[in-house]
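Each chain, letter by letter, is given below.
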Amino acid sequence: MTEQLYRDDAYLREAAATVLAINERGGIVLDKTNFYASAGGQPGDRGMVRFAGGACPILTTVYDTDKVTIVHVPAEGATPPAVGDAVTAVLDWEQRHKYMRMHTALHLLCSLVKFPVTGGQIGADEGRLDFDIEDASAVDKDKLSADLNALVAADHPVGERWITDADLEANPGLVRTMSVKPPMGSGRVRLVMIGENGCVDLQPCGGTHVKRTSEIGPLAVSKIEKKGKINRRIRVVFA
Ligand SMILES: [Zn+2]
């Protein structure tokens with residue numbers, strides 16, 4: 001299991017690590033990493049792995065089939081470090097910070113649209129969530145944009161709290177997203193709280209977030225699309 005440094009510090013741009021393995025597809029496995037592996041609608045990080053003999057560009061980061069080992073996927077033809085090498089994992093921070101801002105923005109959207117979430121995707125420029133909305137008149141593009149920007153401007157703190165798997169099972173109401181199972185199995189689950197004690201949003205999440213909502217910057221709901229009889233896709237962009 002790769003130690004996930006981004007869980008404790010999402011702002012860690014560089015991290016020292018040791019190469020544990022190069023897998024059969026050429027992926028680089030480190031003992032610990034600041035690179036987020038693609039999961040829950042948030043893309044895997046890109047950047048590079050620096051070592052004494054050079055630097056290997058990383059195109060994306062994924063989980064191995066065991067779902068606990070993180071694999072840094074090198075650019076084709078790039079020379080990877082060797083097993084046992086001391087390396088520095090360097091994030092493409094500009095892109096990751098956009099993911100952090102958009103990811104946190106989608107928590108705010110989730111807090112405003114009180115309907116079940118059926119899917120979602122985070123991008124560097126746009127994010128979206130799908131909801132089953134019984135009454136389509138309950139969501140309005142301009143009102144949502146204004147409400148999102150009010151939450152951003154309110155500069156709410158973004159924090160976390162850890163609970164046990166059993167606590168989560170006893171409180172199924174905490175899980176808003178039906179399509180993405182909370183990261184359970186390790187015995188404990190991280191709850192992400194926006195606002196004092198999670199008054200704005202409180203839900204299990206394994207992604208990376210900014211520290212305060214003001215860091216997200218201005219937002220706009222660009223589109224509300226009809227995806228099914230009651231399913232609506234709400235797209236959010238940086239304004
Ligand atoms: Zn999250």
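Definitions and cut-offs
Residues numbered from 1 in each chain as written. Predicted model: local features only at pLDDT ≥ 70, side-chain atom pairs only at ≥ 80, totals over all residues. Heavy atoms only, no water. Helix = DSSP H or I, 4+ residues; strand = E, 2+ residues; numbered from the N terminus. Buried < 20%, exposed > 50% of the residue type's maximum accessible area, 1.4 Å probe, protein only. Contact = heavy atoms within 4.5 Å. Areas by Shrake-Rupley, 256 points an atom, 1.4 Å probe, with all protein chains shown as cover. Lys, Arg positive; Asp, Glu negative; His and termini not counted. Charge placed at Lys NZ, Arg CZ, Asp CG, Glu CD. Phe/Tyr/Trp six-rings, centres within 6.5 Å; stacked < 30°, edge-to-face > 60°. Lys NZ or Arg CZ within 6 Å of the ring centre and 35° of its normal. Expected span 1.5 Å × (residues − 1). Arc of directions from axis to C-beta. Polar contact = N/O pair within 3.5 Å; in protein donor to acceptor, adjacent residues only side chain to side chain. Donors = N, O, S within 2.8 Å, 3.2 Å for Na, K, Ca; no water. Tetrahedral: all angles 85-135°; square planar, octahedral: opposite > 155°, others 65-115°. Axes fitted to C-alpha atoms, helices over the stretch in contact; angles between N-to-C directions. Parallel < 35°, antiparallel > 145°, perpendicular 65-115°, else oblique. Left-handed = near helix turned anticlockwise from the far one by under 90°. Nonpolar A, V, L, I, M, F, W, Y, C, P; charged D, E, K, R; others polar.

> Please clarify how the overall build of the protein should be interpreted in this entry.
Each helix and strand in the protein was counted, giving four helices and 15 strands. Structurally, the protein occupies a C-alpha span of about 60 × 40 × 35 Å along its principal axes. When each of the 239 residues of the protein is scored for burial, the buried share is 48%. The contacts of the protein with a sequence gap of at least 6 include a subset with a gap of at least 24, amounting to 64%. Here the protein has roughly 11300 Å² of accessible surface; of this, 52% comes from carbon and sulfur atoms. The positive charge centre, built from 28 side chains, and the negative charge centre, built from 31, are 4 Å apart in the protein.

> When you look at the packing of aromatic side chains in this model, what are you seeing that I'm missing?
On inspection of all chains with the given rule, the structure shows two aromatic pairs. Pairing Tyr 6 with Tyr 36 gives two aromatic rings, centres 5.3 Å apart and planes at 70°, and the pair type is edge-to-face. Remark: Tyr 36 occurs in the loop between strand E4 (32-33) and strand E5 (47-51) and Tyr 6 occurs in helix H1 (residues 5-8); sequence separation between them is 30 residues. In this pair, the class of Tyr 6 matches that of Tyr 36, namely buried. When the ring of Tyr 11 is compared with that of Trp 93, the centres are 5.8 Å apart and the planes differ by 45°; the resulting orientation is tilted. Pair noted here: Tyr 11 is in the loop between H1 and strand E2 (14-22) and Trp 93 is in helix H2 (residues 93-112), with a separation of 82 residues, a long-range link. Here Arg 101 stacks its cationic end above the ring of Phe 238, 4.0 Å away from the centre of that ring. The ring of Trp 162 carries Arg 188 above its face, with NZ or CZ at 3.8 Å from the centroid.

> How should helix H3 (residues 141-153) be read in this particular structure?
For H3, spanning 13 residues, the distance from its first C-alpha to its last is 18 Å, which sits close to the expected 18 Å at 1.5 Å a residue. Looking at H3, one finds that the buried residues are Leu 144, Ser 145, Leu 148, Leu 151 and Val 152. Buried residues along H3 cover an arc of 130° about the axis, so they all sit on one side. In H3, the exposed positions angled more than 90 degrees off the buried face are occupied by Asp 142, Lys 143 and Ala 153. The N-capping residue of H3, defined by a side-chain oxygen 3.3 Å from the backbone nitrogen of Asp 142, is Asp 140. Asp 155 sits one or two residues past H3 and shows a positive phi near 55°.

> Got a minute to help me understand the coordination of the zinc ion in this structure?
Ideal values differ by geometry: the angle at a metal is 109.5 degrees with four tetrahedral donors, but 90 or 180 degrees with six octahedral donors. The zinc ion binds to the protein through His 103 (NE2), His 107 (NE2), Cys 205 (SG) and His 209 (NE2); the donor distances cover 2.0 to 2.1 Å. For the zinc ion, the four donor atoms are set out with angles of 100 to 125° between them, so the coordination reads as tetrahedral. Here the donor residues for the zinc ion map to a single chain with the spacing H-x3-H-x97-C-x3-H. Of the two residues, His 107 sits in helix H2 while His 209 sits in the loop between strand E13 (201-204) and strand E14 (219-226), which places them 102 residues apart along the sequence. Residue His 107 shares its accessibility class with His 209, and that shared class is buried.

> Which parts of the structure should I look at to understand the packing of H2 against H3?
Helices that pack against each other are described as a pair by the angle of their axes relative to one another and the distance between those axes. Across the interface, H2 lies against H3 with an axial gap of 10 Å and an inter-helix angle of 120°. Taken together, the axes of H2 and H3 lie oblique to each other. Helix-helix and strand crossings are classified by hand; for H2 and H3 the assignment is right-handed. Each of Ala 105, Leu 108, Leu 109, Ser 111 and Leu 112 in H2 lies in contact with H3, whose residues at this interface are Leu 144, Asp 147, Leu 148, Leu 151 and Val 152. Along the lines of polarity and charge, the residues of the contact of H2 with H3 split into eight nonpolar, one polar and one charged.

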